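Coordinate analysis (summary)
Each chain, letter by letter, is given below.
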Amino acid sequence: MKQETIETDVLIIGGGGAGFRAAIGAREKGAEVVLLSKGPLARCGATPMAGADFTVDGLSLSQMGFDGEPRDSKETFFSDIVHQGYYMNNQKLVEQYVRAAPDRLKELIAWGIKIIHSEERAIFTSGVSIMDALLRRARSIGVRMAEDVMLLDLVTGGGKIEGALALDIKSGEFIRFKTKAVVMATGGWHKAFWPNTGMRDLSGEGVVIAHRAGADIGNMEFITFACNVLLSPMKWLGSIATYMLHTTVGGELTNQRGEAFLDKYDPYVVQKGTTMEWNKSFISFAATKEVREGRGSPNGGICYGRGRADWEPFEFVAGILFPNWKYKGLDLSELGEKLKSGETVEVGSLVEYFDGGIVVNERFETAVPGLYAAGECALGPFGSNRIAAAITEMLVHGADAGENAAAYAAAADARKTDAAAFDEKEEAALRPLVRPKGLRPAQVRRCIQEKAHKHLGPIRNGRELQAFVDFVSAIKRDELPQTATSSKGRMYNKEWVDALELESIVHLLEAAARSALFRTESRGVHYREDHPYTDNDNWLYESLVKMSGDDFEITKRPVTCTTITPPRGVVSYLDMMKKMMEAHSDVGGHH
Amino acid sequence: MEYCLGNKHKRDGKMEKNRTTPREKNMTQKKITVKVFRFDPSVDTEPHYATYEVPFSNGMSVMNALDYIYQNLDGTLAYYDHAGCSLGICARCTGKINGKAGLFCQTPVEGDTCLEPLSLSKVVKDLVATRRGESVED
């Protein structure tokens, strides 16, 4: 078998916005850089799926000539993010986000992104436009890139990064890397849930591999669900087109009995919770409550329709979002017809963003020397609830992580090659392929995905979480060691990839469910039916998952605060949500 | 204790079909035939076609049919699924549907269907085709 070994200074894992921006940052500092993209170049990960909004403080935006709100400031934006995150934010990372955002936007404009419009605190472009600009820039400065390549493991020596092992999915061959630094930028792990809003590649192996290499992971229980996502017809499952429509044009949400269920809630919370990006936490909570109490639609959602809105103005605004009812590759004219005739469509709350992840400091260093993390796979600035843009996050993280990794690599000793370490990891990766018979990986995955959607959604309780932890532990113990591929060829063997990904999915679901069980309060996107209060006396802590042998130890550390000191006290979940909405500045806009 | 497949697997030696969701219950009403191009260059000397029966539901795409076949009927089938968006953005699932080029993820299934790669010369396996010669581009 052909054995390829590639040497580089910095290896970037992930082909979304964070990975590309890290690659550019490292390359601009003079490092040799290789970027591994699990799927098509500039068309994988969550970035191309994004609408996409880029948030920057309004003053900076207005100074750049956009419709930004000049009364806004970096300090005001900082304060709003910390309140939106229910004080759970790492304030050092919020400072970095707010400070670096204008420079990241300016360079994107210089690299040629198309801006559709701007508002108080955001510009709107598309994820595809951002990826195209980043790809052009990376190519022009000599970043090397590999497509359809999946990270299998990191190789460390003396506790430091020495290399990595990857799989070329199309050929089925292993690729060995010798590298001084690695930037993990693998995004979320949407694939642990079904249905979901993500690309098919997001199975979270970067988070798991960093964890096993010695980095901590934290706040894994905070998982954001996008509301009003299309559930039907099947070909549109997971599209956020109706989320965008409801946010921009409005419309009515009803349960299976035809009741406008949001009427039950505080009008102030409903107003903020439907017109701002608070909708992800508020509507997902309210809709999931309807479903759990037996008032959901056949596929586990609610109904979205035009309500009492007149068709003409509705269609006019919808036409700005979706000209001729076309959105990216989707022909939504059937949706337009339905809404026009007064029919409703089924929409639901689907997994969209992971607030927790690999623990980093404000230099994006992990606990492992030479290992950095950026973007959604990192425990970022948003605390327990994200409203400001993840697009901004991936770029501000990526740039700094890439530059810091290049500086580290420049000062690091030459890597030693440890062929035995690679051999051992290749043998482990081959297990599902050489096992003669066993469980089909895609079937095990689907069963886990559906249970994760049900028990690790916006509403949880201790009994269900414990049952889910037991379920996942049993899968880990009894079924993962039994997965086998139906065919034994190595070239594009989907079941082999599925079996390898399943290890990550199970690891992350167990970490998230145990963290959710550990956090005996409700805050942000984590609501516990059996602990329906935000507990600022006992829970101003990030949860941490540490590896302890092959098992986890769930622990906690105080939230990192710089200028805003969280208040004390215990407040019921929705009252706390209202307080956090009220604490928001009057800058306006969606963020 | 709940298991995915394990208990059933141990009891009768066969694997249990996926739990049926409401979406799939609707699918049991009508069946269609999907004929798929198969070619594994590491084993086969020439391509052949395999035929599968797939439950039909309104609004399903070719990709939904492939997912059904792969997850329930034949785990050896290759189509570009390890990454990709399913929502018409990445275009990596381009192929021929009843002889016409299109995206598997956004082409509706309307009846019996034949699926082939766009070009025979670029086939990696079955419906997966290559785009570039090198794995690391310089």
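Residues numbered from 1 in each chain as written. Chains lettered and ligands numbered in written order. Predicted model: local features only at pLDDT ≥ 70, side-chain atom pairs only at ≥ 80, totals over all residues. Heavy atoms only, no water.

**Section: the sheet that holds strand β4 (residues 117-119) of chain A**
Residue and element names in this part refer to chain A. The strand order β3-β5-β4 describes an open sheet built from three strands, whose pairing is antiparallel. Each having just a single partner strand, β3 (53-55) and β4 make up the two edges of the open sheet. Taken pair by pair, the neighbouring strands of this sheet meet at an average axis angle of 20 degrees, ignoring direction. For β4 and strand β5 (residues 122-124), the ladder comprises three bridges, and the chain directions are antiparallel. By the bridge assignment, His117 is partnered in β5 with Phe124. (Pairing = 2+ DSSP bridges. Helix = DSSP H or I, 4+ residues; strand = E, 2+ residues; numbered from the N terminus. Axes fitted to C-alpha atoms, helices over the stretch in contact; angles between N-to-C directions.)

**Considerations on the domain arrangement of chain A**
All names here are of chain A. Segmentation of chain A into domains returns domain 1 (225-350) and domain 2 (421-518). Taking only C-alpha atoms, the centre of domain 1 and the centre of domain 2 are 32 Å apart. Listed by partner, the interface residues are eight residues for domain 1 and eight residues for domain 2. Of the roughly 640 Å² buried where domain 1 meets domain 2, counting both sides, 67% is carbon and sulfur surface. For the salt bridge of Arg292 with Glu464, the shortest nitrogen-to-oxygen distance reads 2.7 Å. Linking domain 1 with domain 2 are one residue pair in polar contact (both at pLDDT 80 or more). When residues of the side of domain 1 that touches domain 2 are assigned to their parent elements, the largest contribution, five residues, is made by helix α9 (residues 279-292). A per-class count over the side of domain 1 that touches domain 2 returns three nonpolar, three polar and two charged. (Domains from an automatic or database assignment. Contact = heavy atoms within 4.5 Å. Buried area = accessible area lost by both parts, 1.4 Å probe. Salt bridge = Lys/Arg side-chain N within 4 Å of Asp/Glu carboxyl O. Polar contact = N/O pair within 3.5 Å; in protein donor to acceptor, adjacent residues only side chain to side chain. Nonpolar A, V, L, I, M, F, W, Y, C, P; charged D, E, K, R; others polar.)

**Section: a negative patch on the surface**
Together, A:Asp310, A:Glu312, A:Glu315 and A:Glu337 give the surface a local cluster of negative charge. Inspection of the secondary structure puts A:Glu312 in helix α10 (residues 311-321). (Patch = residues over 30% accessible without salt bridge, like charges linked within 9 Å, V, L, I, M, F, W, Y side chains within 5 Å. Areas by Shrake-Rupley, 256 points an atom, 1.4 Å probe, with all protein chains shown as cover. Lys, Arg positive; Asp, Glu negative; His and termini not counted. Charge placed at Lys NZ, Arg CZ, Asp CG, Glu CD.)

**Remarks on the nonpolar core**
In terms of nonpolar packing, the biggest core is built from 182 residues, with A:Val10, A:Met184, A:Trp189, A:Phe193, A:Leu456 and A:Leu509 touching the most fellow members. Here the element with the most residues in this core is helix α16 (residues 494-518) of chain A; it accounts for nine residues. When residues are assigned to domains, this core turns out to be shared by domain 1 (225-350) and domain 2 (421-518) of chain A, each giving three or more. Judged by nonpolar contacts, the second largest core, of 29 residues, contains B:Val62, B:Leu66, B:Val109 and B:Leu115. (Core = buried A, V, L, I, M, F, W, Y, C linked by side-chain atoms within 4.5 Å. Buried < 20%, exposed > 50% of the residue type's maximum accessible area, 1.4 Å probe, protein only.)

**Here's the deal with the pattern of salt bridges**
Residues and elements named next belong to chain A. For the coordinates displayed, the defined rule picks out 54 salt bridges over all chains. One salt bridge connects Glu28 with Arg137, and the closest N-O pair in it is separated by 2.5 Å. Residue Glu28 is located in helix α1 (residues 17-28), and its partner Arg137 is located in helix α5 (residues 127-140); the two are separated by 109 residues in the primary sequence. Glu28 sits in the partly exposed class, given a relative accessible area of 40%. For Arg137, a relative accessible area of 24% translates into the label partly exposed. Among the ionic pairs, Arg523 bridges to Glu521, the shortest N-O distance being 2.7 Å.

**Observations regarding empty space enclosed by the protein**
A full pass over the atoms with the stated rule returns three cavities of 30 Å³ or more. Of the volumes computed, that of the largest cavity is approximately 60 Å³. As for the largest cavity, its lining consists of A:Ile223, A:Thr224, A:Phe225, A:Lys280, A:Ser281, A:Ser284, A:Phe285, A:Pro458, A:Gly524, A:Val525, A:Tyr527 and A:Tyr573. Elements with a minimum of two residues in the lining of the largest cavity: β11 (223-230) and α9 of chain A. Residue contributions to the lining of the largest cavity peak at four residues, all from α9(A). For the lining of the largest cavity, the residue count by class is seven nonpolar, four polar and one charged. Approximately 40 Å³ is the volume found for the second largest cavity. What lines the second largest cavity is simply B:Met63, B:Tyr80, B:Gly84, B:Cys85, B:Ser86, B:Cys90, B:Ala91, B:Arg92, B:Cys93 and B:Cys105. Each residue belonging to the lining of the second largest cavity can be placed in one class, and the counts come to seven nonpolar, two polar and one charged. (1 Å grid on protein atoms, 1.4 Å probe; cavity = no way out; pocket = protein on both sides within 12 Å on 5 of 7 lines; lining within 4 Å. Points joined across faces, edges and corners; volume = space filled by probe spheres on them.)

**Focus: the environment of A:Ala512**
Secondary-structure assignment places A:Ala512 in helix α16. Leaving out residues up to four positions away in the same chain, A:Ala512 has contacts with A:Trp189, A:Met220, A:Glu221, A:Ile223 and A:Leu456.

**Quick word on the environment of A:Phe261**
Residue and element names in this part refer to chain A. Tracing the sequence through the fold places Phe261 in the loop between β12 (252-254) and α8 (267-275). Sequence separation of Phe261 and Val56 is 205 residues, and the distance between their C-alpha atoms is 34 Å. Excluding its chain neighbours within four sequence positions, the residues that come into contact with Phe261 are Leu253, Thr254, Asn255, Ala286, Ala287, Glu290 and Ile302.

**Quick notes on the interface of chain A and chain B**
Taken together, the 66 residues of chain A in the interface contact 62 residues of chain B. At the boundary of chain A with chain B, total buried surface from both sides reaches about 5,700 Å², with 53% on carbon and sulfur atoms. Considering only the surface of chain A that becomes buried against chain B, A:Arg200, A:Met234 and A:Tyr492 emerge as the three largest contributors, covering 15% of it. The tally of links from chain A across to chain B stands at four salt bridges. Two residues, A:Arg200 and B:Asp81, come together in a salt bridge whose shortest N-O distance is 2.5 Å. At the boundary of chain A with chain B, the tally comes to 19 residue pairs in polar contact (both at pLDDT 80 or more). Of all the secondary-structure elements, those providing two or more residues to the side of chain A that touches chain B are β1 (4-13), α5, β6 (144-147), α14 (441-455), α15 (462-479) and α16 of chain A. In the side of chain A that touches chain B, the residues fall into 28 nonpolar, 11 polar and 27 charged.

**As for the packing of aromatic side chains**
Here the structure, examined in full by the defined rule, presents 23 aromatic pairs over all chains. Plain terms: the ring middles of A:Phe285 and A:Tyr573 are 5.2 Å apart, the flat faces sit at 55 degrees to each other, and that makes the pair tilted. Remark: A:Tyr573 occurs in helix α17 (residues 573-582) and A:Phe285 occurs in helix α9; sequence separation between them is 288 residues. Judged by relative accessible area, which is 4%, A:Tyr573 ranks as buried. Taking the centre distance of 6.1 Å and the plane angle of 75 degrees together, the rings of B:Tyr70 and B:Tyr79 count as edge-to-face. With a relative accessible area of 1%, B:Tyr79 lands in the buried category. A cation sits over an aromatic face here: A:Arg386 above A:Tyr353, 4.3 Å from the ring centre. Seen from the ring of B:Tyr79, A:Lys494 lies directly overhead, with NZ or CZ sitting 4.4 Å from the centre. (Phe/Tyr/Trp six-rings, centres within 6.5 Å; stacked < 30°, edge-to-face > 60°. Lys NZ or Arg CZ within 6 Å of the ring centre and 35° of its normal.)

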